[in-house]
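Observations on the model geometry
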Amino acid sequence: MERNEFIKSLGLGVAMVCTGACFSACGKKSDAPEPSKPNGGGVPSGTTASVDLSTQLLTIGASLTVNSILFIRTAAGNTTTSFVATQAVCPHQGGALSFIQPSNYIQCGLHSSRYSTSGSILAQPNDGGTTSALKVYPLTVSGNTLTATA
Ligand code: FES
């Protein structure tokens, strides 16, 4: 074998190994939270998010995401029991969570897992993986300001 042929065959072999490793990694299905979501999609402890109740969350079923926290109005009045606040990022693989008012559940836009407003799992992801319960954050109301603290 000539030197040039040997180098060419070596390059082709390395390319095949790299391609195989890439396909192998891309094909893996992992239920672990993404590395960029180290807290299972929850926000870091101590994170706060606030909503102005004079202009936001005015009707039952209204929802809003602030600082990766999903606020939902569940009842009339402006007390802490009128709202819930959960993580807005899915613990499965980081999909965005939305409140589906007519069905009264929280749903992931990526694999359609569903959660109750108390954070419990109603349906697992549709990709065969598993998810975990949502973090629910404590609330305070001061004047017209609703605040959740992780
Ligand atoms: S990322 Fe939400 S169900 Fe998969």
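Criteria and thresholds
Residues numbered from 1 in each chain as written. Predicted model: local features only at pLDDT ≥ 70, side-chain atom pairs only at ≥ 80, totals over all residues. Heavy atoms only, no water. Helix = DSSP H or I, 4+ residues; strand = E, 2+ residues; numbered from the N terminus. Contact = heavy atoms within 4.5 Å. Buried < 20%, exposed > 50% of the residue type's maximum accessible area, 1.4 Å probe, protein only.

**Description of the side chain of threonine 86**
As for its position among the elements, threonine 86 is in strand β4 (residues 83–87). If we skip the residues at most four places from it in the chain, threonine 86 touches Ser68, Ile69, Leu70, Ile106, Thr117, Leu134, Lys135, Val136 and Tyr137.

**Remarks on unusual backbone geometry**
Look at leucine 57: it is not a glycine, yet its phi comes out positive at around 55°. Within the secondary structure layout, leucine 57 lies in the loop between β1 (48–52) and β2 (63–66). Here serine 68, not a glycine, exhibits a phi torsion of approximately 65°, which is positive. Of note, serine 68 is situated in the loop between β2 and β3 (69–73). Owing to a relative accessible area of 33%, serine 68 belongs among the partly exposed residues under this scheme.

**As for the environment of threonine 117**
Among the structural elements, threonine 117 can be located in the loop between β7 (114–115) and β8 (121–123). Taking relative accessible area as the criterion, threonine 117 reaches 18% and is therefore assigned buried. Taking the C-alpha atoms as reference points, threonine 117 and isoleucine 106, 11 residues apart in sequence, are found 6.6 Å from one another. The residues touching threonine 117, leaving out its near neighbours within four places in the chain, are Ile72, Val84, Thr86, Phe99, Asn104 and Ile106.

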